[in-house]
Amino acid sequence: MTECLFCGIVEGSIPSEKVYEDEHVIAFKDIHAQAPVHILVIPKKHIPSVQQIGEGEGMLLGRIFSVINRLAKEHGLSERGYRIVNNCGEEGGQTVHHIHFHLLGGRALTWPPG
Ligand code: 5GP
Ligand code: ZN
């Protein structure tokens, strides 16, 4: 069994509430939702953080963002607005070291974050 939590979710050995899946990307509900809509969108491929993103990942990032926008639309957020968050590294607040983008919405979000 993989040691990476999100690789476990990709493989299905760790249960999750999936809301989208294709060949390269999956999205599932965050277990500790911080907003009425809180979805994590991840590549199936294990990439530790945005620090490993280069030009070679352009296609994958494009897919991830089109999935995010599709989910935002499906959850009625397109008109209301929403937030996409990536936490990177310790001081950035990253706790799971498999790159993921948070899609948050459904309430007015404050800025700046803590
Ligand atoms: P990070 O802090 O790394 O940006 O975000 C990790 C996110 O993963 C957190 O919002 C946390 O609630 C979520 N999370 C942690 N463990 C699990 C889990 O087992 N299942 C799901 N669905 N989300 C998780
Ligand atoms: Zn992983």
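As annotated in an unreviewed UniProt entry, the protein carries the name Histidine triad nucleotide-binding protein and is attributed to Salinithrix halophila.

**Q** What exactly am I supposed to notice about the overall build of the protein here?
**A** When its secondary structure is counted, the protein shows two helices and five strands. Listing each helix as α and each strand as β along the protein from the N terminus yields α-β-β-β-α-β-β. For 114 residues, the compact-globule formula gives about 13 Å, and the C-alpha radius of gyration of the protein, at 14 Å, lands near that figure. Seen along its three principal axes, the alpha-carbon backbone of the protein occupies a region of about 40 × 30 × 30 Å. In the protein, which comprises 114 residues, the share counted as buried stands at 21%. Of the contacts formed within the protein by residues at least 6 apart in sequence, a portion of 56% connects residues at least 24 apart.

**Q** Before we go on, may I ask you to explain the environment of Glu-11 in this structure?
**A** Mapping Glu-11 onto the fold places it in helix 1 (residues 5-11). Overall, Glu-11 belongs to the exposed group, with 12 C-beta atoms counted inside 10 Å. When the C-alpha atoms of Glu-11 and Ser-49 are compared, they prove to be 19 Å apart, with 38 residues separating the residues in sequence.

**Q** Could you clarify how one ought to interpret the site of ligand 1 in this entry?
**A** Taken together, 13 residues sit near ligand 1, with Ile-31, His-32, Asn-87, Thr-95 and Val-96 positioned nearest. Residues that form the shell around ligand 1 fall into these classes: five nonpolar, six polar and two charged.

**Q** Quick question: what am I supposed to make of unusual backbone geometry here?
**A** Residue Trp-111 is joined to Pro-112 through a cis peptide bond whose omega torsion reads 0°. As for its position among the elements, Pro-112 is in the segment after strand 5 (101-105).

**Q** Looking at this structure, I do not really get the nonpolar core. What am I missing?
**A** Grouped together as the largest cluster of nonpolar side chains are 20 residues, with contacts concentrated most on Ala-27, Ile-39, Leu-40, Val-41, Ile-68 and Leu-103. Sorting the residues of this core by element identifies helix 1, strand 2 (25-29), strand 3 (37-43), helix 2 (58-74) and strand 5 as the ones contributing at least two each. Looking at this core, the element that brings in the most residues is strand 3, giving five residues. Not counting the four nearest positions on each side in its chain, Ile-39 is found in contact with Val-19, Ala-27, Phe-28, Lys-29, Asp-30, Leu-71 and Leu-103.

Thresholds applied
- The residue numbering used here restarts from 1 in each chain and proceeds along that chain's sequence as written.
- Chains carry letters from A onward and ligands carry numbers from 1 onward, assigned in written order.
- Predicted model: local features are reported for residues with pLDDT of at least 70 only, side-chain atom pairs are reported and counted for 80 or more only, and whole-chain, interface and lining totals are derived from all residues.
- Counting from the N terminus, the helices are the DSSP runs of H or I reaching at least four residues and the strands are the DSSP runs of E reaching at least two.
- Only the C-alpha atoms count toward the radius of gyration. The rule for a globule is 2.2 Å times the residue count to the power 0.38.
- Residues with at least 20 neighbouring C-beta atoms inside 10 Å of their own are called buried, those with 12 or fewer are called exposed, and the rest are partly exposed, where every C-beta is derived from the backbone.
- Any two residues are considered in contact once their C-beta atoms, placed from the backbone, lie within 7 Å.
- Any residue whose backbone-placed C-beta atom lies within 6 Å of a molecule or strand is treated as near that molecule or strand.
- Only Asp, Glu, Lys and Arg are considered charged, only Ala, Val, Leu, Ile, Met, Phe, Trp, Tyr, Cys and Pro nonpolar, and every remaining residue, Gly among them, polar.
- As used throughout, a nonpolar core is a set of buried Ala, Val, Leu, Ile, Met, Phe, Trp, Tyr and Cys residues joined through C-beta atoms within 7 Å of each other.

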